[in-house]
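Fold and geometry: a report
Each chain, letter by letter, is given below.
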Amino acid sequence: MRIMTERAQKIWEAFCGELAQKPTDDMREALATAIREISEDLYGDVGSFHTPEEQERFSIADDLCELADELDKLEELK
């Protein structure tokens, strides 16, 4: 979990580095929501994961959801 928290922090810092204004909690929440949307697209309509490709998509989607959760928790760490 610590690795994912560190990754979330790095992604948030990279995101903030591209902003033309001071980052807000709303922006962090929006980033987490966008990542969850990408994850949902990867889950798709697949009901079972029989092929290696489907299993890989599921694994990536899970990792993205975990990353989004960690982004949500970043404020709690401060």
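Residues numbered from 1 in each chain as written. Predicted model: local features only at pLDDT ≥ 70, side-chain atom pairs only at ≥ 80, totals over all residues. Heavy atoms only, no water.

Here the focus is the confidence of the model for the chain. Averaged over all residues, the pLDDT of the chain equals 88, while 88% of them reach at least 70. For the chain, helix α3 (residues 52-77) is the element with the lowest average pLDDT, namely 88, and helix α2 (residues 25-43) is the one with the highest, namely 94. (pLDDT = per-residue confidence, 0-100. Helix = DSSP H or I, 4+ residues; strand = E, 2+ residues; numbered from the N terminus.)

Time to look at the packing of aromatic side chains. Counted by the stated rule, this structure contains two aromatic pairs. A centroid spacing of 5.6 Å and a plane angle of 20° characterise the contact between W12 and F15, whose relative ring orientation is stacked. Of this pair, W12 and F15 both sit in helix α1 (residues 2-17), three residues apart, which is roughly one turn of that helix. A relative accessible area of 9% places W12 in the buried class. (Phe/Tyr/Trp six-rings, centres within 6.5 Å; stacked < 30°, edge-to-face > 60°. Buried < 20%, exposed > 50% of the residue type's maximum accessible area, 1.4 Å probe, protein only.)

A few words now on the pattern of salt bridges. Taken as a whole and judged by the stated rule, the model has five salt bridges. We note a salt bridge from R2 to E6, for which the minimum N-O separation is 3.3 Å. Taken as a pair, R2 and E6 lie in helix α1 at a separation of four residues, close to a single helical turn. Of the residues examined, E6 reaches a relative accessible area of 39% and is grouped as partly exposed. A salt bridge links D25 to R28; the nearest nitrogen and oxygen atoms lie 3.4 Å apart. One end of the pair, D25, and the other, R28, are both in helix α2, three residues apart, so they sit about a helical turn from each other. Taking the relative accessible area as the measure of exposure, D25 reaches 38% and is therefore partly exposed. Shared partners join several salt bridges into a network, and the residues in it are R36, D69 and D72. (Salt bridge = Lys/Arg side-chain N within 4 Å of Asp/Glu carboxyl O.)

Here α1 contains 16 residues, and its C-alpha end-to-end distance of 22 Å stays within 8% of the 22 Å for a straight helix at 1.5 Å per residue. Among the residues of α1, M4, T5, A8, W12 and C16 are the ones counted as buried. Angularly, the buried residues of α1 cover 110° about the axis, an arc narrow enough to put them on a single face. Exposed residues pointing more than 90 degrees away from the buried face of α1 are listed as I3, K10 and G17. (Expected span 1.5 Å × (residues − 1). Arc of directions from axis to C-beta.)

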